There are 4 protein chains.
Amino acid sequence: MKRNKPKYMQIVDAAVIAIAENGYHQAQVSKIAKQAGVADGTIYLYFKNKEDILISVFQEKMGIFVENLQAIIKSGETSSEKLGKMIENHFHVLSSDRHLATVTQLELRQSNKEIRLKINAILKEYLILLDQILIEGMLNGEFNQTMDVRVARQMVFGTIDEITTSWVMNEYRYDLMEQAPKIQQLLINALKA
Amino acid sequence: MKRNKPKYMQIVDAAVIAIAENGYHQAQVSKIAKQAGVADGTIYLYFKNKEDILISVFQEKMGIFVENLQAIIKSGETSSEKLGKMIENHFHVLSSDRHLATVTQLELRQSNKEIRLKINAILKEYLILLDQILIEGMLNGEFNQTMDVRVARQMVFGTIDEITTSWVMNEYRYDLMEQAPKIQQLLINALKA
Amino acid sequence: MKRNKPKYMQIVDAAVIAIAENGYHQAQVSKIAKQAGVADGTIYLYFKNKEDILISVFQEKMGIFVENLQAIIKSGETSSEKLGKMIENHFHVLSSDRHLATVTQLELRQSNKEIRLKINAILKEYLILLDQILIEGMLNGEFNQTMDVRVARQMVFGTIDEITTSWVMNEYRYDLMEQAPKIQQLLINALKA
Amino acid sequence: MKRNKPKYMQIVDAAVIAIAENGYHQAQVSKIAKQAGVADGTIYLYFKNKEDILISVFQEKMGIFVENLQAIIKSGETSSEKLGKMIENHFHVLSSDRHLATVTQLELRQSNKEIRLKINAILKEYLILLDQILIEGMLNGEFNQTMDVRVARQMVFGTIDEITTSWVMNEYRYDLMEQAPKIQQLLINALKA
DNA sequence: TATGAATGAGACTTCATTCAT
DNA sequence: TATGAATGAAGTCTCATTCAT
């Protein structure tokens, strides 16, 4: 299993840095290899092609969001609290790694449709967990029981994503974490029964 | 002024079609020229370079949104009604032109950071109008007077944008206009005093 | 029609020289372009890819053999004389253009199976004409009427080809044309009734 | 002496299979190693480089032809009979090992000029034996005493080689051995006094 | 002897842009 | 204005070979 070998994550991390610092189209395989401290050819012992690196970046990093969110869901609080914690977690992960934030919010979106479809498939796992929170809240009476879950999920994710992207495009000029309470309030207001 | 000559819009429209049909990275200048019925070189009599075509596409098409929204704002209804009409207008324009929807929601986002910054600058005009609606609603007591306008605007725009993008990625399988009332309800709920 | 434009043959001829002088695997597209006095990209206005250049080389040059052989067949002599003239023509064309001889006898044979299959298809036209001579000779009683035409054709072509290849591999050290009468005699002896 | 160690022939045989099954350019050292059941690096304990493997393949396999032909020459029959037996032997060896036939007739010819020169040097031993048969036949009056031995040899070898190559390119669709009598007749006719 | 992970040079092709007509 | 043939820079990936174990 390639993913367990040390160089796999070494290259994934190098890709994040290379893409963040050079931009998607200027992050040539040779730059990623140099950043990772390996030869160009070594990349291809761990990844099928350049596309595979990019998808792996998203996959590995998205894993952090998903794992944290799974823990949040199990935490046995109210649905509103879970939603709030999800937003905090999302902002926290990206606040702590600006390279990653730049890559996921700006650079990786420049990839072609094929890659973006694969990225979306990975994202789906995260969105399913979000749906869980929403449905749970509807069932336990916290959230509006007549709302359309898909639309609600798109509102929540769209809001989080837009806020994060703006923060990156504004070059992290303000504190992303500080935005969390305001958004929580707005979204919970929108959803509440 | 180049913009008033007939071939200017002819090329802009051709670009929308070429990009929608071939994808951003496969919409070479020669394809746009062919679609417009002009020679490759002619493009450069009207546009500085390829980037200039793409920005012009966004600029010309965004104008429709802005003009409509200006009319909506002047319509003298409640802020909630204005917000609702804005959403309807947004969905209506994109529903009526799937090529344009594909281009703005999917393809143009593959452009590099520089182009997207310019696109964002054009978008700003639209967002300022949205801010106007929100502030007006806060002043007249319809909306929560303590909310952060920027965050509220990002929620509204992020939600609209995410819903539209999902609709395009799902290949227009459902009716976008039908989503409007649900979103209006959620968003007005979120914002209301 | 690309083939009628002057640069088409210019590139084909440059390819023969570049391959003869550098060897098949060292005849990069950039070398062919340089030899032809055009930019690398210009090659791709006339040829689909590198493979297409190589096949075109064979096709265009093989045309000379075929045209000459067609004239020989029409010349109204005995079948033996036609066979003799075919051999002379074959040797004459390659004697007069050592670059071409090197390319067809040595270099082009290093190409992959796909290219070689296409080359063989082109060669087929030549071999069909050879079959015509043989069959005619069998019908008019000059050649053995019980022989297997395919085997006879393979003997004639195999002999010519082996002699030419040896001549090239021996770096043209002897006069190829001088070999013709000896081969004519042997082959006509083999075939005669 | 490396050649006597068991892994030497193991690798040579693996190379024949790997090249026959994958084609010359797709028979990477790693594939040959895998087919031989050894590590890539082990190859280099027995062979100087990849070229050395290919030449060794030809050398080892050519040995069969040469040994058989030496026995035929010693068999004390007429020169015509010896020539006939040579053809039969040639066809028999390749008929019995289609992998080998594919490799010698098609794949190995894709190698570069340098390798083919070395292969030709190995082939020379075989051709010298063929010359022996021809000269003997000329001296004892069976064959035409005025013919050019080199040309005659090229005719015989060129014919055999062309017939075998065609058989391989036609994917062994007909019986190679059945061709032998026809060729014997044609060639002996060509050579006879 | 044997392994196999790591190396790194090298080439085909695309496409935005130019400029002679 | 309009044309379109020509330009040429630039990047992904393969694979023979090495060498530490």
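Residues numbered from 1 in each chain as written. Chains lettered and ligands numbered in written order. Predicted model: local features only at pLDDT ≥ 70, side-chain atom pairs only at ≥ 80, totals over all residues. Heavy atoms only, no water.

Whenever I open this one, the packing of aromatic side chains confuses me. Can you help?
Given two aromatic rings, their pairing is described by the distance between the two centres and the angle made by the two planes. A full pass over the atoms with the stated rule returns twelve aromatic pairs over all chains. Ring plane angle 75° and centroid distance 5.8 Å describe the contact between B:Phe65 and B:Tyr126, whose orientation is recorded as edge-to-face. Here B:Tyr126 lies in helix H7 (residues 113–139) and B:Phe65 lies in helix H4 (residues 50–74), a separation of 61 residues in the sequence. A relative accessible area of 5% places B:Phe65 in the buried class. According to the relative accessible area criterion, B:Tyr126 is buried, its value standing at 0%. With centroids separated by 5.0 Å and ring planes inclined at 70°, the aromatic side chains of C:Trp167 and C:Tyr172 adopt a geometry described as edge-to-face. Take C:Tyr172: its relative accessible area is 22%, and that puts it in the partly exposed class. When the ring centre of A:Tyr174 is taken as reference, the NZ or CZ atom of B:Arg150 above it lies at 3.8 Å. (Phe/Tyr/Trp six-rings, centres within 6.5 Å; stacked < 30°, edge-to-face > 60°. Helix = DSSP H or I, 4+ residues; strand = E, 2+ residues; numbered from the N terminus. Buried < 20%, exposed > 50% of the residue type's maximum accessible area, 1.4 Å probe, protein only. Lys NZ or Arg CZ within 6 Å of the ring centre and 35° of its normal.)

Please explain the packing of helix H8 (residues 149–169) of chain A against helix H9 (residues 176–191) of chain A as it appears in this structure.
The axes of two packed helices give the description: the angle between them and the distance between them. Residues and elements named next belong to chain A. For the pair H8 and H9, the least separation of the axes is 11 Å and the interaxial angle reads 160°. In terms of orientation, H8 and H9 fall into the roughly antiparallel class. Seen along the crossing, H8 lies across H9 with a hand that is right-handed. Side by side, H8 and H9 meet where Ala152, Met155, Val156, Thr159, Ile163, Thr164 and Trp167 of the first sit next to Leu176, Ile183, Leu187, Ala190 and Leu191 of the second. Residue composition of the contact of H8 with H9, grouped by class: ten nonpolar, two polar and no charged. (Axes fitted to C-alpha atoms, helices over the stretch in contact; angles between N-to-C directions. Parallel < 35°, antiparallel > 145°, perpendicular 65-115°, else oblique. Left-handed = near helix turned anticlockwise from the far one by under 90°. Contact = heavy atoms within 4.5 Å. Nonpolar A, V, L, I, M, F, W, Y, C, P; charged D, E, K, R; others polar.)

How should I be thinking about the UniProt feature "domain: HTH tetR-type" (unreviewed entry) in chain A in this particular structure?
As annotated by UniProt and renumbered to match this structure, "domain: HTH tetR-type" (unreviewed entry) occupies residues 5–65 of chain A. Secondary structure across residues 5–65 of chain A divides into 79% helix and 0% strand, with the first and last C-alpha atoms of the span separated by 22 Å. (UniProt positions renumbered as here; feature names shortened; annotations may be inferred.)

Looking at this model, I keep getting lost on the protein's contact with DNA strand F. Mind explaining?
If you check the shell around DNA strand F, you find 29 residues, and the closest are A:Gln28, B:Lys5, B:Thr42, C:Thr42 and C:Tyr46. The protein-proximal atoms of DNA strand F, defined as those within 4 Å of the protein, are 74% sugar or phosphate. Between DNA strand F and the protein, one listed contact pairs a phosphate oxygen with a side-chain N or O atom of B:Thr42 at 2.5 Å. Among the secondary structure elements, those contributing two or more residues to the surface near DNA strand F are helix H3 (40–46) of chain A, helix H3 (40–46) of chain B together with helix H3 (40–46) of chain C. Among the elements that line the surface near DNA strand F, the one with the most residues is H3(B), at five residues. Within the surface near DNA strand F, the residues separate by chemical class into twelve nonpolar, ten polar and seven charged. (Near = heavy atom within 4 Å. Polar contact = N/O pair within 3.5 Å; in protein donor to acceptor, adjacent residues only side chain to side chain.)

Mind showing me how you'd approach the interface of chain C and chain D here?
In this complex, chain C contributes 37 residues to the contact, which on the side of chain D involves 37 residues. Both sides together, the interface formed by chain C and chain D hides about 3,000 Å², and carbon and sulfur atoms give 57% of it. Together, C:Gln154, C:Met169 and C:Leu186 form the three largest contributors to the area buried by chain C at its contact with chain D, with a combined 19%. Seen at the junction of chain C and chain D, the total is three salt bridges. In this structure, the salt-bridge partner of D:Asp148 is C:Lys182, at a minimum N-O distance of 2.6 Å. Breaking the side of chain C that touches chain D down by element, the ones donating at least two residues are helix H6 (98–107), helix H7 (113–139), helix H8 (149–169) and helix H9 (176–191) of chain C. Its residues assigned to classes, the side of chain C that touches chain D comprises 15 nonpolar, 13 polar and nine charged. (Buried area = accessible area lost by both parts, 1.4 Å probe. Salt bridge = Lys/Arg side-chain N within 4 Å of Asp/Glu carboxyl O.)

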